[in-house]
Structures are given as C-alpha cells and as structure tokens.
Amino acid sequence: MGRHDLGTDAPRSKARLFEPFFTTKDVSQGTGLGLAVSYGIVTQHGGAIEVESELGKGSRFAVWIPVSVGAEEREVRPPEVAPRGAEAVLVVDDEPVVRLVAAGALSRLGYRVFEAVDGGVALEQFGDRLTEIDLLLTDVLMPNLGGIDLARAFRARRPDLPIVFMSGFSGRDTEWSGEEAQLGPMLPKPFTRVGLADIVRDRLDQFKAKPAA
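This structure is a prediction, so every number in the text was calculated from the model and none was measured.

Peer 1: Is there a simple way to explain the packing of helix α4 (residues 119-126) against helix α5 (residues 147-157) in this structure?
Peer 2: The relative placement of two packed helices comes down to the angle between their axes together with the axis-to-axis distance. Running from amino to carboxyl end, α4 crosses α5 at an angle of 20 degrees, the nearest separation of the two axes being 10 Å. One way to sum up the angle between α4 and α5 is to call them roughly parallel. The chirality of how α4 crosses α5 is right-handed. Two secondary-structure elements touch here, α4 through Gly 119, Ala 122, Leu 123 and Phe 126 and α5 through Leu 150, Ala 153, Phe 154 and Arg 157. Residue composition of the contact of α4 with α5, grouped by class: 6 nonpolar, 1 polar and 1 charged.

Peer 1: How should I be thinking about the side chain of Thr 138 in this particular structure?
Peer 2: Along the chain, the position of Thr 138 falls in strand β5 (residues 135-139). Those residues within four positions of Thr 138 in sequence are excluded, and the remaining contacts are Val 92, Gly 147, Leu 150, Val 164, Phe 165 and Met 166.

Peer 1: Before we go on, may I ask you to explain α4 in this structure?
Peer 2: Quick reminder: α-helices carry 3.6 residues per turn. Residues three or four places apart thus point the same way. Among all positions in α4, only Gly 119, Ala 122 and Phe 126 are buried. Buried residues along α4 cover an arc of 65 degrees about the axis, so they all sit on one side. Residues of α4 that are buried sit in contact with β3 (88-92), β4 (112-116) and α5. The N-cap of α4, judged by a side-chain oxygen 3.0 Å from the amide nitrogen of Gly 120 a few residues on, is Asp 118.

Peer 1: It is not clear to me how the pattern of salt bridges should be interpreted in this structure. Could you clarify?
Peer 2: A pair can form between side chains of opposite charge whenever their charged atoms are brought close. In the structure shown here, the tally under the stated rule is 10 salt bridges. Among the salt bridges present, the one from Lys 189 reaches Asp 93, with a minimum N-O distance of 2.7 Å. With Lys 189 in the loop between β7 (186-188) and α7 (193-209) and Asp 93 in the loop between β3 and α3 (96-108), the pair connects residues that are 96 residues apart, well separated along the chain. Across the pair, Asp 93 and Lys 189 agree in class, each one buried. In this structure, Asp 160 engages Arg 158 in a salt bridge whose closest nitrogen and oxygen atoms are separated by 2.9 Å. Overall, the relative accessible area of 45% leaves Asp 160 in the partly exposed class. Residue classification places Arg 158 among the buried positions, given a relative accessible area of 16%. The network of salt bridges with common partners includes Glu 87, Arg 201, Asp 205 and Lys 208.

The rules we used
In this convention, every chain numbers its residues from 1, walking through the sequence in written order. It should be noted that, the model being predicted, local features are given only for residues of pLDDT at least 70 and side-chain atom pairs only at 80 or more, the latter also being counted only at that level, while totals for whole chains, interfaces and linings use all residues. Side-chain calculation: all heavy atoms of the structure are included, whereas hydrogens and water are not. Between N-to-C directions, angles span 0 to 180 degrees; the directions come from axes that are lines fitted to C-alpha atoms, helices contributing only their stretch in contact. Secondary structure is summarised from DSSP: a helix means a run of H or I of at least four residues, a strand means a run of E of at least two, and numbering begins at the N terminus for each. Here the word oblique covers every angle except those under 35 degrees (roughly parallel), over 145 (roughly antiparallel) and from 65 to 115 (roughly perpendicular). Handedness of each helix crossing follows the sense of rotation of the near helix against the far helix: counterclockwise by less than a right angle gives left-handed, clockwise gives right-handed. Any two residues having at least one pair of non-hydrogen atoms within 4.5 Å are treated as being in contact. Residues are sorted three ways: Asp, Glu, Lys and Arg are charged, Ala, Val, Leu, Ile, Met, Phe, Trp, Tyr, Cys and Pro are nonpolar, and all the rest, Gly among them, are polar. The rule is simple: take the accessible area with a 1.4 Å probe, protein chains only, and divide by the maximum for that residue type; under 20% is buried, over 50% is exposed, in between is partly exposed. Here the arc refers to the directions that run from the helix axis out to each C-beta atom. Polar contact is defined as a pair of N or O atoms within 3.5 Å, subject to the rule that within protein one atom must be able to donate a hydrogen and the other to accept it, and that residues adjacent in sequence are counted only when both atoms are side-chain atoms. Put simply, a salt bridge is a Lys or Arg side-chain nitrogen that is within 4 Å of an Asp or Glu carboxyl oxygen.

Note that every value here comes from positions in space, so none of it alone points to a role or purpose.
Given below as structure tokens:
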C-alpha cells in the first residue's frame, strides 16, 4: 500500500492511472512507468490493484494477490532465456528512460547499440550511414520526426532494413495494420527484456532468410 495525492482532477487521473507514461508529476519528476509496470506484474499473477483517492488526503493502493495452493509441489520453471545477437541496432526514443532500458538490455545481450533522441536526429546522424545499422528500433510518436516517417525515410534509402516499432499508447498494437504493419511489427510498452530480445532477434532472422533481390 502507498499514499500519493492524484491532484485536483482525481477521477480522470484515476481512470488513466495505469496507462504507460501517464503521470500527474512534472516532466522532470516522473516518467509514468512505475504504476504501468506494477499493474502488468500484478495482473500477470492473477491479482488486482484497488485504488482509493481523496483530495487533500492522498491515495491508497491495495494490491491483491491470490493465495498459491500446493506451491511446494509445483514444478520449478527455469527463467526465460533471451536470445542474443551481435548485430548493430539503432534505438530511437525521445523518452530517456525507455531509450536507456532498451539500449542497456540489447548491449548486455551482445548487440552493438547506437542511440538517437528523436527521428530528426536519427535521420541527420544515420541517414547516410545505414550500412552500419542492422535494425532500427524506434518509438512511434516523437517530436521533430515520428517513427513512421523515419522508417519510410530509411526504407527509401535501404529497402532491406529490418524495423521494429515501440508504442506506449493503449491499444496501438492491436490497431497496427496496413502500411504501418508492413514496415515492421509493434512492441508495446512497457516491455520485458525477453520480449524485446525476441522481437529484435525474430525480425533480424526474418530478413536474413529473405532471398536476395
């Protein structure tokens, strides 16, 4: 349990509380990822989070986890193994925390990682260096130049470049279709290390398996 005031617009804030990157704090004080990650962990274990909020008094979070019966007889499963690689990945995201997490995870899995703070910077710095990049991992919505326009620009110069998109907007992955889906698959935020590693490795292997034009 914990206490934090949701602000003057508590009902609306409460409705969006577990959305990735939603926060009532100032830009420099929070990313909005904490509750989204907590919600994902709790629900994956069959639990729920109950929220009560009152202006001026704070908020109360109650986490409910189902009791495990016969846990001592349950088979112990080994941790998921994330596939590794040695290719070069360009990570583009205007959110520093997400960029740091993605770049760090891929680096530890053996990949060579380049970073850019938005699509405009990525195009300026790597538009003429695409032979150095084996895969583009980019956020969809960014200032200066969004991920879709960045992907189109890169594909115009290098049609065989594998691309993976990221998005923290609820439902965006289920609406991914048409030309957007043709450019590359969607990785919803927040993501796990294994989920990130799987989609990157899968996309790289798909393009390696394609016959040369």
